[in-house]
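Each chain is listed here by its residues.
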Amino acid sequence: MPRLSEVIAALDNLWPAERAESWDAVGTVAGDPDQEVTRVLFAVDPVQQIVDEAVKLGADLLVTHHPLYLRGTTTVAASHFKGRAVHTLIKNDIALHVVHTNADTADPGVSDALAGALDLRVVRPLVPDPTDPEGRRGLGRVCELDHPVTVRELAERAAARLPATAQGIRVAGDPEALVRTIAVSGGSGDSLFDVVRAAGVDAFLTADLRHHPASEAVAHSPLALLDAAHWATEWPWCELAAAQLDEISDRHGWDLRVHVSKTVTDPWTSHSPSLGAPN
């Protein structure tokens with residue numbers, strides 16, 4: 001069985017910490033480098049539900065996409081929900097490792113997994129990483145469809161292929177417009193509207209779209225917007241990442257048991273369709 005330090009080295013080779021944004025908090029949050037690792041759990045959020053799942057599973061390592069402490073802290077007291085998660089992890093000898101924006105821009109990365117879930121053909125990064133001479137790394141992806149579909153059909157595909165959430169898929173733009181090319185970006189994406197327009201795509205699928213940026217985007221051009229739940233756009237990466245670690249485990253003869261959490265940790269739990277109209 002590999003030691004935690006060996007598994008972390010493999011993860012760092014896939015997603016180097018130096019490729020994370022300067023504001024990000026990636027890397028190992030808890031764990032003894034010398035402990036043995038036999039079972040790994042991948043998840044989006046390091047919340048108590050996921051920590052408890054790791055305990056029940058008998059995992060030695062929990063790998064999450066979102067950081068536990070993004071803005072730092074002065075305490076890990078169990079009286080706070082984040083501190084309670086840390087206490088649970090340490091008491092059960094479970095390490096926590098975070099892979100965030102260094103996975104967003106990886107090749108393959110979060111947006112590749114999102115595109116794969118929707119059967120889209122990746123053409124290039126939406127925002128290329130200038131340090132990548134091959135031009136494959138970067139934020140978001142510009143994709144093509146095998147054949148044109150309407151915005152409505154594309155939204156239905158996303159609703160069927162991505163994990164179910166209370167939000168589902170919101171659409172802005174003409175639902176009958178044809179889509180041949182689309183930009184995708186897992187997680188919050190309304191800061192990317194300028195580069196999406198410059199890419200000349202027919203649609204943009206992302207998450208966390210706010211009123212004013214979305215309103216301005218559809219007024220600016222016929223670009224269709226598909227707004228999914230943040231968690232749902234990033235969860236496909238967990239399956240991709242688990243497969244990558246599985247391949248490394250096989251190559252090294254580690255015999256790791258790698259799992260992906262299917263627990264929905266999107267914070268929104270229900271949805272009531274609007275039935276009325278303004279008076």
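Not measured: the values here are computed from a predicted model. (Residues numbered from 1 in each chain as written. Predicted model: local features only at pLDDT ≥ 70, side-chain atom pairs only at ≥ 80, totals over all residues. Heavy atoms only, no water.)

(A) The arrangement of the packing of aromatic side chains in detail. For the structure on display, the rule yields three aromatic pairs. With 5.9 Å between their ring centres and 75° between their planes, phenylalanine 193 and phenylalanine 204 make a pair best called edge-to-face. With a gap of eleven residues between them, phenylalanine 193 in helix α7 (residues 193-199) and phenylalanine 204 in strand β9 (residues 203-207) connect regions that are remote in the sequence. Each of the two residues, phenylalanine 193 as well as phenylalanine 204, counts as buried. An aromatic cluster of three or more residues is present, and its members are Trp15, Phe42 and Trp237. (Phe/Tyr/Trp six-rings, centres within 6.5 Å; stacked < 30°, edge-to-face > 60°. Helix = DSSP H or I, 4+ residues; strand = E, 2+ residues; numbered from the N terminus. Buried < 20%, exposed > 50% of the residue type's maximum accessible area, 1.4 Å probe, protein only.)

(B) Spatial organisation of the environment of aspartate 104. Locating aspartate 104 in the fold gives a position in helix α4 (residues 101-104). The exposure class assigned to aspartate 104 is buried, which follows from its relative accessible area of 10%. Taking the C-alpha atoms as reference points, aspartate 104 and arginine 137, separated by 33 residues in sequence, lie 9.0 Å from one another.

(C) Structural view of the pattern of salt bridges. The final tally for this structure, using the stated rule, is eleven salt bridges. Arginine 136 is paired through a salt bridge with aspartate 107; the nearest N and O atoms lie 2.7 Å apart. With arginine 136 in the loop between β5 (121-128) and β6 (138-150) and aspartate 107 in the loop between α4 and α5 (110-117), this pair connects stretches of sequence that are 29 residues apart. The closest approach of N and O atoms between glutamate 247 and arginine 251, which form a salt bridge, is 2.8 Å. Separated by four residues within a single helix, glutamate 247 and arginine 251 lie in helix α9 (residues 230-252), roughly one turn from each other. Using a relative accessible area of 42% as the deciding quantity, one classes glutamate 247 as partly exposed. (Salt bridge = Lys/Arg side-chain N within 4 Å of Asp/Glu carboxyl O.)

As far as function goes, none of this settles anything; it's purely spatial.
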